[in-house]
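Chain and residue survey
Here is how the chains run, residue by residue.
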Amino acid sequence: MEENEKMSARTTSKTNAQEAQGDWYAVHTYSGYEQAAVRNLMQRVESLNVGHLIFEAVIPTETRVRMKGGKRVEERERIYPGYILVRMILTEESQFIVRTTPRISGFVGGARGGVPTPLSQKEVDALFARIQSQTAKHHIDLHPGDTVQIIDGPFKDQEGRVGEVDEERGMVRVLVPMFGRDTPVELDYAQVRRIS
């Protein structure tokens, strides 16, 4: 994961993704081999001396908060598993080099053998804003409608139904039956456990 963070940090240190030369393309890799694909591509760029065509490759990641051993832990997590971003000038040569790199299966947005479609500037800006964000998102494996048990706080041991999930704040709104009706209670996601 350290290598992944270094790749992302190198790219995200730019003040504006649109100031860079070339276009960004989404490239499909074998799932779980994103780091190997980036490493292989950048080694080929260096050995074939095509740094003037292919500038960088990035594994888009963001900071997520997870519960491990009862503690909150921040981790870098891939935004799009099985995909990397490549900033390059599209030519037949650069396209061939990317497509024939080990662990890469092809471009997103181009029919087999066709011309790949670059990401729009709006997509690039949104994605890099997400990568650069200092605010960690919480990974909450709950969905509206799930039945949960409250395991901490004043409503401990009561059951309810998830009404809303707020990953930005790490909060869950649970509808707890009280006095013959569902009463919404906002809880930290660490205070509930799914039971069905």
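Now for a quick tour of the structure. (Residues numbered from 1 in each chain as written. Predicted model: local features only at pLDDT ≥ 70, side-chain atom pairs only at ≥ 80, totals over all residues. Heavy atoms only, no water.)

Here we look at the sheet that holds strand β2 (residues 54-58)
Reading across from one edge, β2-β5-β1-β6 is the order of the four strands in this open sheet, with antiparallel pairing throughout. The open sheet has two free edges, formed respectively by β2 and β6 (104-107), since each of these has just one partner strand. Sheet twist, expressed as the average angle between the axes of neighbouring strands with direction ignored, equals 30°. Taken together, the three bridges between strand β1 (residues 23-29) and β6 define a ladder with antiparallel strand orientation. Pairing of His-28 across the sheet is with Gly-106, part of β6. Helix-sheet contacts for helix α2 (residues 34-47) involve β1, β2, β5 (83-88) and β6, and the interaxial angle to β2 is about 165°. (Pairing = 2+ DSSP bridges. Helix = DSSP H or I, 4+ residues; strand = E, 2+ residues; numbered from the N terminus. Axes fitted to C-alpha atoms, helices over the stretch in contact; angles between N-to-C directions. Contact = heavy atoms within 4.5 Å.)

Brief notes about helix α3 (residues 92-99)
Here α3 has its buried residues at Ser-94, Gln-95, Ile-97 and Val-98. When α3 is viewed along its axis, its buried side chains cluster within an angular range of 160° and face the same direction. In α3, the exposed positions angled more than 90 degrees off the buried face are occupied by Glu-92 and Phe-96. In this structure, the buried side of α3 is in contact with β1, α2, β2, β5 and β6. (Buried < 20%, exposed > 50% of the residue type's maximum accessible area, 1.4 Å probe, protein only. Arc of directions from axis to C-beta.)

Focus on the pairing of β1
When you tally the buried positions in β1, you get five out of seven residues, the bulk of the element. Where β1 and β5 come together, six bridges link them in antiparallel fashion. Paired with Tyr-25 across the strands is Val-86, a residue of β5.

Topic: the nonpolar core
Core analysis: the largest hydrophobic core is formed by 19 residues, its most contacted members being Leu-41, Ile-54, Ile-84, Val-86 and Val-98. Every element with two or more residues in this core is listed here: β1, α2, β2, β5, α3 and β6. Here this core gets five residues from one element, more than from any other, and that element is α2. Setting aside its immediate chain neighbours within four residues, Ile-84 contacts Tyr-25, Ala-26, Val-27, Thr-29, Glu-34, Ala-37, Val-38, Val-58, Ile-59, Pro-60 and Ile-104. The next biggest cluster of nonpolar side chains, apart from the first, holds 14 residues, and it includes Val-65, Leu-142, Val-162 and Val-176. (Core = buried A, V, L, I, M, F, W, Y, C linked by side-chain atoms within 4.5 Å.)

What about the pattern of salt bridges?
As a working rule, side chains carrying opposite charge can pair if their charged atoms are close by. All chains considered together, the criterion is met by eight salt bridges. Between Asp-141 and Arg-194 there is a salt bridge, with its nearest N and O atoms 3.1 Å apart. With Asp-141 in the loop between β7 (137-138) and β8 (147-150) and Arg-194 in strand β12 (residues 192-194), this residue pair connects regions lying 53 residues apart in the sequence. A relative accessible area of 46% means that Asp-141 is categorised as partly exposed. You can call Arg-194 partly exposed: its relative accessible area is 32%. For Arg-173, the salt bridge is made with Glu-186, and the minimal N-O distance between the two is 3.4 Å. With Arg-173 in strand β10 (residues 171-178) and Glu-186 in strand β11 (residues 181-188), the pair connects residues that are 13 residues apart, well separated along the chain. Residue Arg-173 is classed as partly exposed on the basis of its relative accessible area of 34%. Of the residues examined, Glu-186 reaches a relative accessible area of 39% and is grouped as partly exposed. Overlapping salt bridges bring together Asp-141, Asp-146 and Arg-194 as one network. (Salt bridge = Lys/Arg side-chain N within 4 Å of Asp/Glu carboxyl O.)

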